[in-house]
Amino acid sequence: RIKMTLIKRPNELTQAKIKLKGLVYGQPGVGKTSLALSAPKPLLIDFDNGLRRVAKQYQTDSVQVQSYQDLLDILTKEDISAYETIVIDTLGKMIDRIGDWLAVSNPKVKQADGQLSMKGWGNVKGEFQRLLKLLEGKNKSAIFIAHEKEEKVGDDVTKRPDVAGSSGKDIVKELDFMGP
């Protein structure tokens, strides 16, 4: 009689490729992009025109994008099969471009002063979730890069990703890892 166990020896494990979604944030110039580009087979989606600041030995294929539609076109119309990781630099700029993109089809997502409305922020969150599903469907890992901002309450200083509105708090809930 064979006894079944859930415990596996290393040579018995099946190795599934895990696709991760994460965020790296910090001050300008500390190496966030270089770190992200050390991921397997990266493609840099450069909203920030930042590849020029990366040391030559860490540079990789990249696309400079001006709009969120540019990103969608890359992911849906270009052959990205050679890449395992999509690096988006910066998350803050991408979120701004998502807001602009949403306003084209629905002007009510922006207020009279040009800022996103509460409904607009909800739509940004929904679009970010849709983007993650698109990347997952293409079997890609995603690393987002953000600058950091400091929040001071009394004597306590907290460093957080610099992402506009409440979207920063909502977005990190969708990720597998985050770190400065």
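Up top is the structure these notes are about.
Conventions adopted
- Residues numbered from 1 in each chain as written.
- Predicted model: local features only at pLDDT ≥ 70, side-chain atom pairs only at ≥ 80, totals over all residues.
- Heavy atoms only, no water.
- Buried < 20%, exposed > 50% of the residue type's maximum accessible area, 1.4 Å probe, protein only.
- Helix = DSSP H or I, 4+ residues; strand = E, 2+ residues; numbered from the N terminus.
- Pairing = 2+ DSSP bridges.
- Core = buried A, V, L, I, M, F, W, Y, C linked by side-chain atoms within 4.5 Å.
- Contact = heavy atoms within 4.5 Å.
- Polar contact = N/O pair within 3.5 Å; in protein donor to acceptor, adjacent residues only side chain to side chain.
- Patch = residues over 30% accessible without salt bridge, like charges linked within 9 Å, V, L, I, M, F, W, Y side chains within 5 Å.
- Areas by Shrake-Rupley, 256 points an atom, 1.4 Å probe, with all protein chains shown as cover.
- Salt bridge = Lys/Arg side-chain N within 4 Å of Asp/Glu carboxyl O.
- Axes fitted to C-alpha atoms, helices over the stretch in contact; angles between N-to-C directions.
- Parallel < 35°, antiparallel > 145°, perpendicular 65-115°, else oblique.
- Nonpolar A, V, L, I, M, F, W, Y, C, P; charged D, E, K, R; others polar.
- Left-handed = near helix turned anticlockwise from the far one by under 90°.

**Student:** Any chance you could explain the pairing of strand 4 (residues 85–89) here in plain terms?
**Tutor:** Along a regular strand, successive side chains alternate from one face of the sheet to the other. Within strand 4, five of the five residues are buried, which leaves the element mostly enclosed by the surrounding structure. With five bridges connecting them, strand 2 (residues 42–46) and strand 4 associate as parallel partners. The residue of strand 4 that forms the bridge with Leu44 is Val87. As defined by bridge partners, strand 4 adjoins strand 5 (residues 141–153) across five bridges and the pair is classed as parallel. Bridge assignment links Asp89 to a residue of strand 5, and that residue is Ile145.

**Student:** I tried to follow the nonpolar core on my own but got confused; where do I start?
**Tutor:** The tendency in soluble globular proteins is for nonpolar side chains to be buried as a group. Core analysis: the largest hydrophobic core is formed by 35 residues, its most contacted members being Leu91, Met94, Ile95 and Phe144. Broken down by secondary-structure element, the contributors of at least two residues to this core are strand 1 (21–26), strand 2, helix 2 (68–77), strand 4, helix 3 (91–105), helix 4 (118–137) and strand 5. In contact with Met94, other than residues within four places in its own chain, are Phe47, Tyr68, Leu71, Ile88, Phe128, Leu131 and Phe144. Membership of the second largest hydrophobic core comes to 10 residues, among which are Val24, Ala36, Val54 and Ile145.

**Student:** Looking at this structure, I do not really get the environment of Ile98. What am I missing?
**Tutor:** Within the secondary structure, Ile98 is located in helix 3. Between the alpha carbons of Ile98 and Phe128 there is a distance of 8.4 Å; along the sequence they are 30 residues apart. In contact with Ile98, other than residues within four places in its own chain, are Tyr68, Val124 and Glu127.

**Student:** I tried to follow the environment of Thr60 on my own but got confused; where do I start?
**Tutor:** Position of Thr60 relative to the elements: it lies in the loop between strand 2 and strand 3 (62–64). A residue is classified by how much of its surface remains accessible, and Thr60, at 22% relative accessible area, is partly exposed. Sequence-wise, Thr60 and Thr5 are 55 residues apart; in three dimensions their C-alpha atoms are separated by 45 Å. Discounting chain neighbours no more than four positions away, the residues touching Thr60 are Leu37, Pro42, Leu44 and Leu51. In this structure the side chain of Thr60 is engaged in a polar contact, spanning 3.2 Å, whose partner is the backbone oxygen of Pro42.

**Student:** What is the right way to look at a nonpolar patch on the surface in this model?
**Tutor:** Residues Ile18, Leu20 and Phe177 make up a contiguous nonpolar surface patch of roughly 290 Å² in combined accessible area. Topologically, Phe177 is positioned in strand 7 (residues 177–179).

**Student:** Would you mind going over the packing of helix 2 against helix 3 with me for this structure?
**Tutor:** Angle between the axes and distance between the axes are the two parameters that describe a pair of packed helices. Contact geometry for helix 2 and helix 3: axes closest at 8 Å, N-to-C directions at 100 degrees. Our classification of the angle between helix 2 and helix 3 gives roughly perpendicular. Between helix 2 and helix 3, the residues in contact are Tyr68, Gln69, Leu71 and Leu72 and Met94, Arg97, Ile98 and Trp101, respectively. Class assignment for the residues of the contact of helix 2 with helix 3 results in six nonpolar, one polar and one charged.

**Student:** What exactly am I supposed to notice about unusual backbone geometry here?
**Tutor:** Working note: non-glycine residues mostly have negative phi, and peptide bonds are mostly trans. Residues Asp89 and Thr90 are joined by a peptide bond in cis, for which omega reads 5 degrees. With respect to the helices, strands and loops of the structure, Thr90 is situated in the loop between strand 4 and helix 3.

**Student:** Sorry if this is basic, but what is going on with the packing of helix 2 against helix 4 here?
**Tutor:** Relative to each other, helix 2 and helix 4 sit at 20 degrees, their axes nearing to 11 Å. Considering the angle they form, helix 2 stands roughly parallel to helix 4. Crossing of helix 2 over helix 4 shows left-handed handedness. From helix 2, Tyr68, Leu71, Leu72, Leu75 and Thr76 reach across to helix 4, where they touch Glu127, Arg130, Leu131, Leu134 and Leu135. Among the residues forming the contact of helix 2 with helix 4, the class breakdown is seven nonpolar, one polar and two charged.

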